[in-house]
Amino acid sequence: MENTTSEKVPAGLSRIDGRMKVTGGAKYSAEYQVAGVTYGVLVGSTITSGSIKALDTKKAESAPGVLSVITYLNAPKIPGYQTDKPSPKGPFKIFYDNKIYFNGQPVALVIADTFERALFAASLVKATYNVATFQTNLKSNLSSGVSPRNGKDYVKGSEDAYKTAPVKVEQEYSIPTEVHNPMELGATIARWDAADKLTIYTKTQGVKSAQRSIAQAFNLQPDNVHVTAPFVGGAFGSALRTWPHEIAAALAAQVVKKPVKLVLSRADMFTSIGYRPQAWQKISLGATADGKLVGITHEATAQTSAYEDFTEGVVNISQLMYACPNVNTKYRIVSLNVNTPTPMRGPGEATGAFALESAMDELAYALNIDPIELRMRNYADTDPQTGKPYSSKFLNDAYKLGADAIGWSKRNPKPGMVMENGWLAGYGMAAGMFGAYRGSATVVARLLADGTLHIETAVTDIGPGTGTAMTTIASEVMGISSDKINFKLGDSNMPPSPTQGGSSVTATVGSAVSDACNQLKEKLKELNGNSESASSGYAQILQQHNLPQLEVTVTSKGGPELGKYAMYSWSVHFIKVLVNPATGVVKIDKGLSVADAGKIVSPKTARSQMIGGSIMGAGMALMEEAVIDHRYGRLVNNNFADYHVPVQADIPQIEALFVNKPDPYLNPMGSKGMGEIATIGVAAAVANAVFNATGKRVRDLPITPDKLV
Ligand code: MOS
């Protein structure tokens, strides 16, 4: 396989935990050796809607090694479940009653002394059901979409103004359900250390949020719940919330009075932890003949579960991306007999950008204007939704940087014209955006008399390289070399930090690290008779004052500037595809993503994150689709053989470039988030490239060969 990327790897710190991760030194939740641990295996419902009539657990209970079989009939009451508001809609309550809302819903948990014995006994649990009718098909239930609670339709200017424009594009787009499918399975080990004290090793994007929700469920003091997750093997949003299986592990440990390990199976990963919901969209664009947008109308309908409303900003991007006097959006959700969706990388925007950025490409062809030129003619200089100035926006630089690097000017704008070695070749581009956030984080920073710096905070790292970025920031502020810095994370006993999500961690935690390092420098200066010291002198200053260490605890959050500006990160994705005219197979031949993500803090991990996001977008565009057989309401491809994610052979050279201009307002580093914009827009860029190659517009993801022949 062609691989010329290595020479382009930028300077900067290599992943500080890379060696541990590739040599097995990094421990993931399921890998902790906990004395006396027992094993839980879930039994899922084989029906899709109705109720449990009877549960026969006798055989399972008497199987070798089995300690308990927990069902709604014998499960101890979970305090948090009882005190919930009496709303009919809310998070799924495991082993709460006999109601069945979706296929695969846990109906029993078998605990045994070994995993194999638990797995075997789980096969012996027999449930009988009262079967009710069910709906799992979004497409046939679009008309039952409802506006989510308090959800007002958005109207700026006049509604459906596109109708008055001389040039119009009106098209429908759809995406299937996509499942995060991180490498690491959901896994929890729960151990009660006392009647009111719990230790949890669990796969989570937030040890503090997990601590809070588990404490709430079991009515414990948060400090009495110790949550550990120093390594997370990918998550993409799937571990943002605490899921029922995590509660079940703690419940089971209470029942058997031993630690319980519960690892989801790959099939469970499709029904126990959420997914990007299937969505139907319609985009209507109206423009003048010279390509100025007159009106944008964006309608979206997405699925949610029968027991809980899940909403996300599918239509937001149409309110935010372009300068257009008239914009209206509608968002609806349809309750189906499925488990609740959850955010997945670029939540909402990735779905919306596929539709909007495909439609913009269609408009470019209708107007015979270059797609980048069309976007530049509708470039927003202030936030179209609020009128606020941007804290920073260098999307125009990103277009130019990317167009030059990919050779956009050489693209043949006429579809279906270019052959390369018997394959149709085409180029496409699309843009993405996502809010640039900053929350609150507390870090403790300790400079020891040996000159080493130790920083701790309870953030998690789901893979982007948080420790590497934080070490880089500390190294730059303090002037201490990175090998003398030890950054620790992933433990609820550490100072509070946010959940890793929403592309906000570098901005949030990095600010706290930066502030803490500056405070340390101030203290060192005071000790040094108010004169600055070179970093080589830090140890000496401590030794002179007989100080074993210098420690600061700093909480950092943004000020009023956060409300004054519209803060967004931006991306542009360029894709070259090759399409086989006989088989319809689409190969991505080249990818290039350009980000305006402010100043790049950690160049190597940033590049890796952008490339990873692009690969995820390629999966969304070409292969990922969770398929339900609507006769039974059951997933048919809940495994890695049938649910395809991109592998090495699917992905050629993909490159990432950065505008790398600091945002003056979001945080001291000048950085903006990057995790979401890496994926948002990629699927449209692929679809647009496929159109350029073939003249066929695929508006239904994924773009499988059958849609092209
Ligand atoms: Mo992300 S969907 O905020 O983990």
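This is a predicted model, so every value here is computed, not measured. (Residues numbered from 1 in each chain as written. Predicted model: local features only at pLDDT ≥ 70, side-chain atom pairs only at ≥ 80, totals over all residues. Heavy atoms only, no water.)

Quick word on the pattern of salt bridges
Tallied over the full model, the rule gives 26 salt bridges. The shortest N-O distance in the salt bridge between K139 and D700 comes to 3.4 Å. In this pair, K139 sits in the loop between β6 (126-131) and β7 (154-156) while D700 sits in the segment after α16 (682-694), placing the two residues 561 residues apart along the sequence. Put simply, D361, E362, R697 and R699 are held in one network by salt bridges that share partners. (Salt bridge = Lys/Arg side-chain N within 4 Å of Asp/Glu carboxyl O. Helix = DSSP H or I, 4+ residues; strand = E, 2+ residues; numbered from the N terminus.)

Section: the environment of F236
Relative to the helices and strands, F236 resides in the loop between β11 (225-228) and α6 (244-256). Residue class for F236 comes out partly exposed when judged on its relative accessible area of 29%. (Buried < 20%, exposed > 50% of the residue type's maximum accessible area, 1.4 Å probe, protein only.)

Considering the packing of helix α5 (residues 207-218) against α6
Between α5 and α6, the shortest axis-to-axis distance is 11 Å and the interhelical angle comes to 45°. Overall, the two elements α5 and α6 adopt an arrangement that is oblique. In this structure, the crossing between α5 and α6 has a hand that is right-handed. Within the contact between the two elements, α5 uses I214, A217 and F218 and α6 uses I247, A250, L251 and Q254. Considered class by class, the residues forming the contact of α5 with α6 number six nonpolar, one polar and no charged. (Axes fitted to C-alpha atoms, helices over the stretch in contact; angles between N-to-C directions. Parallel < 35°, antiparallel > 145°, perpendicular 65-115°, else oblique. Left-handed = near helix turned anticlockwise from the far one by under 90°. Contact = heavy atoms within 4.5 Å. Nonpolar A, V, L, I, M, F, W, Y, C, P; charged D, E, K, R; others polar.)

Remarks on the sheet that holds strand β15 (residues 326-335)
On the basis of which strands lie adjacent, the open sheet formed by five strands has the order β7-β15-β14-β13-β8 and mixed pairing. Each having just a single partner strand, β7 and β8 (167-175) make up the two edges of the open sheet. Here the average twist between neighbouring strands, direction ignored, is 5°. Both β8 and strand β13 (residues 279-287) contribute to a ladder of nine bridges, which runs antiparallel. If you follow Y173 over to β13, its bridge partner there is Q281. (Pairing = 2+ DSSP bridges.)

Regarding the environment of I247
Position of I247 among the secondary structure elements: in helix α6. Along the primary structure I247 and T188 are separated by 59 residues, whereas in three dimensions their C-alpha atoms are 9.1 Å apart. The residues touching I247, leaving out its near neighbours within four places in the chain, are I78, Y81, I214, A217, F218 and T242.

Some thoughts on unusual backbone geometry
Here the bond from L701 into P702 is cis, since omega is -5°, no more than 30 degrees from zero. With respect to the helices, strands and loops of the structure, P702 is situated in the segment after α16. The phi dihedral of F236 falls on the positive side, at around 60°, and the residue is not glycine. Here the phi dihedral of S503 falls at roughly 50°; this positive angle occurs in a residue that is not glycine. Mapped onto the fold, S503 is located in the loop between β20 (485-488) and α12 (505-527).

Considerations on α16
The first and last C-alpha atoms of α16 sit 18 Å apart over 13 residues, in line with the 18 Å expected at 1.5 Å per residue. With respect to burial, α16 is a largely interior element, 12 of its 13 residues being buried. Every buried residue of α16 is accounted for by V682, A683, A684, A685, V686, A687, N688, A689, V690, F691, N692 and A693. Tucked into the core, α16 has its buried residues touching α8 (349-367), α9 (371-377), β17 (423-435), β22 (568-579), β23 (586-596) and α15 (603-622). (Expected span 1.5 Å × (residues − 1).)

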